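Spelled out from the first residue to the last, the chains are:
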Amino acid sequence: MHDKPGESIGWLIEEFLTARATRKPSPHTLAAYRRDLTGVAALVVEDDATPLPLDQLPVAALSPRVMRAAFARFAAPRAAASVHRAWSTWNSFFTFLVAEGVVPGNPMPAVGRPRAPLPQPKPLRGEDTPEELLTAVAREHGRQRDPWPERDLAVLALALCAGLRLSELLALRVASVAGRVGERRVDVAGKGGRPRTVPIEAGLDRALVDYLDSRRRRFGERSVRPDSPLLVDRRGEPLRRGGLQYLVESCYRRSGIGDRVPQGARLHALRHTFATRLAEDGASAAEIMRLLGHASLASSQTYIEVTAGQQRAAVRSNRTNAAVAALVGD
């Protein structure tokens, strides 16, 4: 690509999304990029005296003044977090165009943006709710057509005792659980492609072993090859996003704790519970943020580097591990 100030916004958006796709973002993330870009660009088109379709709107038309006016209209009906995200998307878009020699500069520093509010933790409500959930799921439920308590317990225990995101759970392979006895860990492909290692204690390890044993009985030894997906559905197929969300929702219903799950944080409530309990039981902010794989830890010098031993001690302090251990006999 070279200096083409007459190129249309519609075409350049597709070029940007193609370039972003090489970073392997989730489909949800790519869809959000597209919405942010086309949503603001549509406002630019509407505000023009002679509206043009996006595939005819030249990038040279996007001056700082035009972008300020478009973002003012975009921001009016939306929350600050949505506007902040859209600003970041457009800033990345223009950074891409500058690097490709399409435009001489990025107008976004001249466009105001709201401060992004820090998300508030949304753990499960109730002191003993995680233990009630795990205990209920570990039992076969008579109403289920094909109960698989070992699998369901492994999924919930991974989220509650290792703090994994939905996408991280789906990306796990059988070989992701590794290490010698007493030093077991799960290797996680984190957000943005950042890998991390989370220590796991004996209870979670035993729950995963029991799950894989039950999977061998159901589908045979070949189903648990090292490169196989760790989490599968009742047909032995890899769990997908919708299937994992449904599984967790059904676990909430079966255990009767649906009213203790914060709205808008269904599976993520398990990750928040992991972090909240770590904090309550004495883990430091640096340990928690490293275990969760937050991007800010890599870019900020305010957090203290912690050793693998300190991370393991932090995980061991999470009392949910004791509940899992009791259920699997460790």
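Criteria and thresholds
Residues numbered from 1 in each chain as written. Predicted model: local features only at pLDDT ≥ 70, side-chain atom pairs only at ≥ 80, totals over all residues. Heavy atoms only, no water. pLDDT = per-residue confidence, 0-100. Helix = DSSP H or I, 4+ residues; strand = E, 2+ residues; numbered from the N terminus. Core = buried A, V, L, I, M, F, W, Y, C linked by side-chain atoms within 4.5 Å. Buried < 20%, exposed > 50% of the residue type's maximum accessible area, 1.4 Å probe, protein only. Contact = heavy atoms within 4.5 Å. Salt bridge = Lys/Arg side-chain N within 4 Å of Asp/Glu carboxyl O. Pairing = 2+ DSSP bridges. Phe/Tyr/Trp six-rings, centres within 6.5 Å; stacked < 30°, edge-to-face > 60°. Lys NZ or Arg CZ within 6 Å of the ring centre and 35° of its normal. Axes fitted to C-alpha atoms, helices over the stretch in contact; angles between N-to-C directions. Parallel < 35°, antiparallel > 145°, perpendicular 65-115°, else oblique. Left-handed = near helix turned anticlockwise from the far one by under 90°. Nonpolar A, V, L, I, M, F, W, Y, C, P; charged D, E, K, R; others polar. Expected span 1.5 Å × (residues − 1).

> I'm lost on the confidence of the model for the chain in this one. Help?
Caution is warranted with low-pLDDT regions, since their predicted coordinates should not be read in detail. Chain-level pLDDT for the chain is 84 on average; 88% of the residues reach the 70-or-more range. Per-element mean pLDDT across the chain ranges from 44 in helix 12 (residues 295-299) up to 96 in helix 8 (residues 202-219).

> What should I look at first to understand the nonpolar core in this one?
For soluble globular proteins, the rule of thumb is that nonpolar side chains tend to be buried together. By size, the foremost hydrophobic cluster in this structure holds 57 residues, and its most contacted members are Leu133, Leu158, Leu230, Tyr252 and Leu270. A total of ten residues in this core trace back to one element, the largest contributor, which is helix 6 (residues 149-162). Excluding anything up to four places from it in sequence, leucine 133 contacts Leu124, Leu156, Leu160, Cys251, Tyr252, Ser255, Ile257 and Leu270. Of all hydrophobic cores here, the second largest spans 32 residues; its members include Ala41, Leu43, Trp87 and Phe93.

> Can you help me understand the pattern of salt bridges in this one?
Should the charged atoms of two oppositely charged side chains come close, the side chains can pair. Tallying each qualifying case throughout the model produces 17 salt bridges. Linking arginine 34 and glutamate 14 is a salt bridge whose minimum nitrogen-to-oxygen distance equals 2.5 Å. Taken together, the residues span a long stretch of sequence, with arginine 34 in helix 2 (residues 27-47) and glutamate 14 in helix 1 (residues 9-21) at a distance of 20 residues. Assessed through its relative accessible area of 36%, glutamate 14 is described here as partly exposed. Two residues, arginine 206 and aspartate 210, come together in a salt bridge whose shortest N-O distance is 2.8 Å. In this pair, arginine 206 and aspartate 210 are both assigned in helix 8, four residues apart and thus about one turn of the helix distant. Residue arginine 206 is classed as partly exposed on the basis of its relative accessible area, which comes to 29%.

> Quick question: what am I supposed to make of the pairing of strand 2 (residues 185-189) here?
Walk down a regular strand and you will see the side chains alternate between the two sheet faces. Burial along strand 2 is one-sided: Val186 and Val188 are buried, while Arg185, Asp187 and Ala189, pointing the other way, are not. Where strand 1 (residues 177-178) meets strand 2, two bridges bridge the pair, whose relative direction is antiparallel. Its bridge partner lying in strand 2, valine 177 is registered against valine 186. In textbook terms, the turn of a hairpin is the stretch between consecutive antiparallel strands, and for strand 1 and strand 2 this stretch comprises six residues, one of which, glycine 179, has a positive phi near 105°. Relative to strand 3 (residues 195-199), strand 2 runs antiparallel, the two sharing five bridges. If you follow arginine 185 over to strand 3, its bridge partner there is proline 199. Connecting strand 2 to the antiparallel partner strand 3 that follows it, the hairpin turn spans five residues, and glycine 192 within it adopts a positive phi of roughly 70°.

> I keep staring at the packing of aromatic side chains and nothing clicks. Help me out?
Aromatic ring pairs are described here by two measures, namely the spacing of the ring centres and the angle between the planes. Counted under the stated rule, the structure contains nine aromatic pairs. Between tryptophan 90 and phenylalanine 93, the ring centres sit 5.4 Å apart and the planes meet at 85°, which makes this aromatic pair edge-to-face. Linking tryptophan 90 with phenylalanine 93, this pair stays in helix 4 (residues 80-99), spanning three residues, or about one helical turn. The residues tryptophan 90 and phenylalanine 93 share a single accessibility class, namely buried. Ring pairing ties together the aromatic residues Phe16, Tyr33, Trp90, Phe93, Phe94 and Phe96, which thus form one cluster. Over the face of the ring belonging to phenylalanine 74 we find arginine 78, whose NZ or CZ atom lies 3.9 Å from the ring centre. For arginine 113, the ring lying beneath its charged end belongs to tryptophan 87, and the centroid distance is 4.1 Å.

> How should the packing of helix 6 against helix 8 be read in this particular structure?
Two numbers describe how helix 6 lies on helix 8: the axes approach to 9 Å, and their chain directions differ by 150°. Considering the angle they form, helix 6 stands roughly antiparallel to helix 8. For the element pair helix 6 and helix 8, the recorded crossing hand is left-handed. Between helix 6, through Glu150, Arg151, Leu153, Ala154, Ala157, Leu158, Cys161 and Ala162, and helix 8, the contact on the second element is made entirely by Leu204, Ala207, Leu208, Asp210, Tyr211, Ser214 and Arg217. Tallied by class, the residues present in the contact of helix 6 with helix 8 amount to ten nonpolar, one polar and four charged.

> So what exactly am I meant to see when it comes to helix 9 (residues 241-255) here?
In an α-helix, one full turn covers 3.6 residues, which means residues spaced three or four apart are oriented alike. The end-to-end C-alpha distance of helix 9, which contains 15 residues, comes to 22 Å, matching closely the 21 Å that a straight helix rising 1.5 Å per residue would cover. Check the buried side of helix 9 and you find it contacts helix 5 (129-138), helix 6, helix 7 (166-171) and helix 10 (268-280). Count one or two residues on from helix 9 and you reach glycine 256, which has phi positive near 75°.

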